[in-house]
Amino acid sequence: DAGVIQSPRHEVTEMGQEVTLRCKPISGHNSLFWYRQTMMRGLELLIYFNNNVPIDDSGMPEDRFSAKMPNASFSTLKIQPSEPRDSAVYFCASNIRTNTGELFFGEGSRLTVL
Amino acid sequence: DQQVKQNSPSLSVQEGRISILNCDYTNSMFDYFLWYKKYPAEGPTFLISISSIKDKNEDGRFTVFLNKSAKHLSLHIVPSQPGDSAVYFCAASEYGNKLVFGAGTILRVKS
């Protein structure tokens, strides 16, 4: 039974370049979340979708960040242009909307912007 | 404005002893609390949870305590094992909406 799948696992890019992170949620899950992990702030929620519709994007740091979910099995997080302070591990998670909020996480995409 | 706070960045415990990880929250509307465990280069995985209608939940070596009046919860691991060394995240949700996480506590269990 496949879990949440993220790609790439590692990305090294130069400042100013576009970065696209990809996520395939667990089949049957109707909610998808993008989190960012940094040393200072831990796991921050960037955006989440219910049934492919963005519900809360208040955590997206700037207009340089955008996320899409064109269908139930795929989502992207794009950073354009990227900056060194965007360096972090980005996690995608999914769940079936319940009253607990328990999430299933992917292994993360480690982004380094030089 | 951090709604979930883990004030101890790290904790070191001897194998066989008790590990106590603490978490405070500010939002009184949170009704479900979870602990996640994270190993390096892996995603966080669910460990244990507690509903706001309870004050204790136990699962093997792991027990979570909730003090609603103090807006405080703690995770107890007894006995601690070297394999428990990881980052532990406290998280909270309101009616199953988005999970809000703390900054995490690094636990090191020494053998």
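The following paragraphs examine the structure supplied in this document. (Residues numbered from 1 in each chain as written. Chains lettered and ligands numbered in written order. Predicted model: local features only at pLDDT ≥ 70, side-chain atom pairs only at ≥ 80, totals over all residues. Heavy atoms only, no water.)

Comments concerning the environment of Ser-80 of chain B
All names here are of chain B.
Point 1. One can find Ser-80 in the loop between strand 8 (72-77) and strand 9 (86-93).
Point 2. A relative accessible area of 1% places Ser-80 in the buried class.
Point 3. As for Ser-80 and Ser-49, which are separated by 31 residues in sequence, their C-alpha atoms are 19 Å apart.
Point 4. Here Ile-77 takes part through its backbone oxygen, which lies 3.4 Å from a polar atom of the side chain of Ser-80. (Helix = DSSP H or I, 4+ residues; strand = E, 2+ residues; numbered from the N terminus. Buried < 20%, exposed > 50% of the residue type's maximum accessible area, 1.4 Å probe, protein only. Polar contact = N/O pair within 3.5 Å; in protein donor to acceptor, adjacent residues only side chain to side chain.)

Thoughts on the state of the cysteines
Point 1. Taken as a whole and judged by the stated rule, the model has two disulfides over all chains.
Point 2. Here Cys-23 of chain A is linked by a disulfide to Cys-92 of chain A, with a sulfur-sulfur distance of 1.9 Å. In this structure, the disulfide formed by Cys-23 of chain A and Cys-92 of chain A twists by about -70 degrees around the S-S bond and is classed as left-handed. One end of the pair, Cys-23 of chain A, is in strand 3 (residues 19-24); the other, Cys-92 of chain A, is in strand 9 (residues 88-95), with 69 residues separating them in the sequence.
Point 3. Two residues share a disulfide in this structure: Cys-23 of chain B and Cys-90 of chain B, whose sulfurs sit 2.0 Å from each other. (Disulfide = S-S within 2.5 Å.)

Topic: the nonpolar core
Point 1. Ranked by internal contacts, the top residues of the largest apolar core, which has 24 residues, are Phe-33, Trp-35, Leu-73, Leu-75 and Tyr-88 of chain B.
Point 2. Within the residue set of this core, elements represented by two or more residues are strand 3 (19-25), strand 4 (32-38), strand 5 (45-51), strand 7 (62-67), strand 8, strand 9 and strand 11 (105-110) of chain B.
Point 3. Examining the composition of this core, we find that four residues originate from one element, strand 9 of chain B, more than from any other.
Point 4. Contact partners of Leu-73 of chain B, with chain neighbours within four places excluded, come to Leu-21, Asn-22, Cys-23, Tyr-25, Phe-33, Trp-35, Val-64, Phe-65, Leu-66 and Cys-90 of chain B.
Point 5. Counting 21 residues, the second largest nonpolar core, distinct from the first, contains Ile-26, Trp-34, Leu-46 and Met-60 of chain A. (Core = buried A, V, L, I, M, F, W, Y, C linked by side-chain atoms within 4.5 Å. Contact = heavy atoms within 4.5 Å.)

Some words on the sheet that holds strand 3 of chain A
All names here are of chain A.
Point 1. Strand order in the open sheet made by the four strands is 1-3-8-7, with antiparallel pairing throughout. Only two strands of the sheet have a single neighbouring strand rather than two, namely strand 1 (5-7) and strand 7 (65-71). Neighbour-to-neighbour, the strand axes of the sheet open up by a mean angle of 15 degrees, direction not taken into account.
Point 2. The pairing of strand 7 with strand 8 (residues 74-79) spans five bridges and is antiparallel. Across the sheet, the residue bridging to Phe-65 is Ile-79, located in strand 8. (Pairing = 2+ DSSP bridges. Axes fitted to C-alpha atoms, helices over the stretch in contact; angles between N-to-C directions.)

Focus: the interface of chain A and chain B
Point 1. Contacts between the two partners involve 23 residues from chain A and, on the opposite side, 20 residues from chain B.
Point 2. A combined buried area of about 1700 Å² lies between chain A and chain B, and 55% of that area is made up of carbon and sulfur atoms.
Point 3. For the chain A face of the interface with chain B, the top three residues by lost area are Leu-43, Thr-100 and Phe-105 of chain A, together amounting to 27%.
Point 4. The shortest N-O distance in the salt bridge between Lys-98 of chain B and Asp-56 of chain A comes to 2.6 Å.
Point 5. One can count four residue pairs in polar contact (both at pLDDT 80 or more) joining chain A with chain B.
Point 6. A per-element tally of the side of chain A that touches chain B places strand 5 (residues 42-50) of chain A first, with four residues.
Point 7. The class makeup of the residues in the side of chain A that touches chain B is nine nonpolar, eight polar and six charged. (Buried area = accessible area lost by both parts, 1.4 Å probe. Salt bridge = Lys/Arg side-chain N within 4 Å of Asp/Glu carboxyl O. Nonpolar A, V, L, I, M, F, W, Y, C, P; charged D, E, K, R; others polar.)

Quick notes on the sheet that holds strand 3 of chain B
All names here are of chain B.
Point 1. One open sheet accounts for five strands, arranged 1-3-8-7-6; its pairing is antiparallel. The outermost strands of the open sheet, each flanked by one partner alone, are strand 1 (4-5) and strand 6 (56-59).
Point 2. Of the pairings in the sheet, the one linking strand 3 to strand 8 comprises six bridges and is antiparallel in character. Across the sheet, Leu-21 pairs through a bridge with Leu-75, a residue of strand 8.

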